[in-house]
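# Survey of secondary and tertiary structure
Next come the chains, spelled out residue by residue.
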Amino acid sequence: MLKTRGLYFSYRPEGGTPFALAGIDLEIYRGQHTAIIGPSGSGKTTLLKHFNGLLGPTRGEVLVSGRTTSCTSQLPSIRRICAMIFQNPDNQLVATTVEEEIAFGLENYRVDPKKIREQVDWAMGKLNISHLAAYPPHLLSGGQKRKVAVASAIAMQPQCLLADEPSSMLDPDSRRELQELLRSLQRELGLTLLQVTHYLEEAALADRVLLLDRGRVTADGPPEKVLTDLGRLHAAGLTSSTAAELAALLREEGLALPAGIVQNQELVDSLCLLKPSG
Amino acid sequence: MLIETERLTHIYSPGTPWECWALEGITLSWKPGSFVLIAGPSGSGKSTLIQHFNGLLLPSSGRVLIDGEELGSDKAALGRIRRRLGLVFQIPEQQFFAETVFDEVAFAAANLGLSSAEVARRVKVSLERVGLDYEQFRGRSPFNLSAGQQRLVAIASLLPLELEALILDEPAAGLDSGGRRQLALLLADLRRQGMTVIVVSHHLGDFISLADQILFLERGRVVAAGEVEGVLRRLAQGYEPYLPPVTDIMRRLVLRGAGVSTAVFELAAAREEIVSWWGGNSG
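Read on for a plain summary of the structure.

Moving on, we come to the pairing of strand β6 (residues 85-88) of chain B. Residue and element names in this part refer to chain B. Residues L85 and L87 line one face of β6 and the alternating positions G86 and V88 line the opposite face, and both faces are buried. Summarising the sheet, β6 and strand β7 (residues 165-169) pair through four bridges and their orientation is parallel. Note on β7: the bridge partner recorded for L85 is A165.

Okay, structure coming up:
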């Protein structure tokens with residue numbers, strides 16, 4: 001679905017700054033939910049922006065369903081395949097009502113108005129925001145704005161969602177709701193979901209986790225592998241999920257916990273199961 | 001700095017169809033040198049509340065008192081308060097405008113009418129307090145720093161004012177775990193030097209080990225307020241997603257019948273608590 005070959009990127013190709021992406025060879029499969037983690041400045045957003053052609057490689061190549069992002073005539077179709085949800089929804093809200101906002105992208109692709117109507121209604125239904133159709137987006141709460149941004153993205157009927165920290169600034173309830181929503185859209189529509197996150201508790205829910213450090217992929221695998229490789233995470237300046245960190249401390253104390261614990265409930269279940277009865 | 005409110009109520013757009021009661025009858029008193037965490041769902045009134053502490057918003061009814069002095073329409077008094085109490089907004093780096101880190105951090109201090117030597121001294125001290133090397137960072141563009149470094153520069157830009165209180169709205173948003181740790185260290189350091197620190201955060205876990213007090217709001221009213229343990233006990237009943245992750249693990253253990261305390265929010269304390277339960281005979 002998404003592929004990079006020998007991808008290097010520099011914000012100043014004439015030199016002077018190190019590569020923001022320094023040799024990335026990656027394949028993201030259709031329908032997969034991948035979390036990208038890494039310290040600030042490691043290249044997460046830069047990588048994401050390569051998959052819908054907002055940035056182009058300095059060296060190497062990025063392929064989206066076989067189309068190269070280096071060819072500008074391919075960009076319109078690449079952007080219909082890969083929709084982007086930005087860090088701050090205020091940066092992408094442009095219209096005076098929620099339904100106009102969601103229709104905006106489709107109108108730019110000169111989709112038939114009847115079809116636009118259908119897709120906007122469908123997207124609002126999926127996100128449970130039909131009641132907000134006539135509401136001005138700038139008056140919505142942070143969580144509602146995120147939903148509008150997600151609805152605008154899925155109204156384009158993309159195959160892939162690129163989400164840059166979609167839940168930062170949200171309260172824990174809205175964060176969980178958005179996460180569950182993205183997850184169910186991904187399953188139901190067979191979407192490929194690529195998500196940048198700073199909260200490793202969130203990464204624990206993905207199928208696959210990529211760790212970026214200084215522009216390179218330094219770990220790649222299922223969450224129970226990557227998030228329990230504490231040495232590597234700590235070397236990148238990150239701490240893992242609380243459950244993974246605590247499990248490691250308890251193992252040092254001699255508690256025989258199984259490997260691969262990354263979520264709170266997994267830790268609790270293992271502890272209760274394995275506790276020697278007195 | 002003593003911060004108090006008495007039956008503080010704030011209504012947006014009163015008398016219109018959009019009328020919104022953002023705060024309803026909030027009474028609180030925070031001693032000088034306190035470290036307070038404010039949490040609560042979106043729309044609970046957190047940002048509205050903190051904007052009353054430096055008079056950006058004025059009460060619809062009730063009072064706000066800083067060191068016993070009521071904030072009102074007296075401009076001179078507001079000016080005096082704003083010189084002593086700094087407010088760091090959400091995503092403060094969006095307000096960057098200068099070409100260099102030095103100019104960014106010097107801006108507020110330069111407006112105080114200090115000599116340029118004194119401004120330079122304060123900028124140097126401020127950058128070092130947030131852990132950024134003066135020589136390395138002074139000439140760099142604030143726009144070309146990592147997110148964590150930008151947040152630190154934004155906070156550093158208030159420090160030359162030699163404030164008595166600092167209020168930060170979601171200071172950890174968008175930071176990686178390393179950046180959040182560094183920020184917690186900075187806030188701990190400011191507090192050690194006697195500053196009153198108030199932090200609005202959805203993630204209690206990031207700063208809980210520093211807090212003396214938590215205020216938890218929902219729809220403009222107080223759900224729980226006071227010392228950390230008591231507030232966490234209250235949040236464990238109906239507000240579980242807000243608990244610090246360590247406390248959540250302990251709560252889940254208790255639900256399974258384990259004999260551990262839920263009043264634990266640091267990894268090391270959780271390890272001890274679990275190890276002693278594991279080795280014991282009960283539960």
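Back to the write-up after that little detour.
Moving on to empty space enclosed by the protein. In total, this model carries two cavities of 30 Å³ or more according to the counting rule given. In this structure, the largest cavity encloses a volume near 120 Å³. Around the largest cavity, the lining is made up of 20 residues, and of these S168, M169, R175 and Y199 of chain A together with H203 of chain B lie nearest the centre. Along the lines of polarity and charge, the residues of the lining of the largest cavity split into seven nonpolar, eight polar and five charged.

Attention now goes to the nonpolar core. Where a protein is soluble and globular, its nonpolar side chains tend to be buried together. One finds F35, L166, L187 and F207 of chain B to be the most contacted residues of the largest nonpolar core, which totals 55 residues. Discounting chain neighbours no more than four positions away, the residues touching L187 of chain B are F35, L168, V197, V199, F207 and L210 of chain B. L93, A151, I154 and L185 of chain A belong to the second largest nonpolar core, which has 34 residues in total.

Below, the discussion takes up the sheet that holds strand β5 (residues 67-68) of chain A. All names here are of chain A. Within the open sheet, the four strands sit side by side as β2-β1-β4-β5. Their pairing is antiparallel. Every interior strand has two partners, whereas the edge strands, β2 (21-28) and β5, have only one. Pairing between strand β1 (residues 2-9) and β2: six bridges, direction antiparallel. Its bridge partner lying in β2, F9 is registered against L21.

Calculation criteria
Every chain's residues receive numbers from 1 upward, in the order its sequence appears when written. As a convention, the first chain written is A and the first ligand written is 1, with the rest following in written order. This being a predicted model, a pLDDT of at least 70 is required before a residue's local features are given, and a value of 80 or more before pairs of side-chain atoms are given or counted; all residues contribute to the totals for chains, interfaces and linings. Water and hydrogen atoms play no part in the side-chain values, which are based on all heavy atoms of the structure. Any residue under 20% of the maximum accessible area for its type is buried, any over 50% is exposed, and the rest in between are partly exposed; the area is computed with a 1.4 Å probe on protein chains only. Only DSSP runs of H or I covering at least 4 residues are called helices, and only runs of E covering at least 2 are called strands; the numbering of each starts at the N terminus. Whether two strands pair depends on DSSP finding at least two bridges between them. Cavity and pocket criteria rest on a 1 Å grid covering protein atoms alone: a 1.4 Å probe that fits but cannot get out defines a cavity, protein on both sides within 12 Å along at least 5 of 7 lines defines an open pocket, and an atom within 4 Å of a point defines a lining residue. Grid points are joined across faces, edges and corners, and a volume is the space filled by probe spheres set on the points. For this classification, Asp, Glu, Lys and Arg are treated as charged, while Ala, Val, Leu, Ile, Met, Phe, Trp, Tyr, Cys and Pro are nonpolar and the rest, including Gly, are polar. Throughout, nonpolar core names a set of buried Ala, Val, Leu, Ile, Met, Phe, Trp, Tyr and Cys residues whose side chains join them through atoms within 4.5 Å. By definition, residues are in contact when any of their heavy atoms lie within 4.5 Å.

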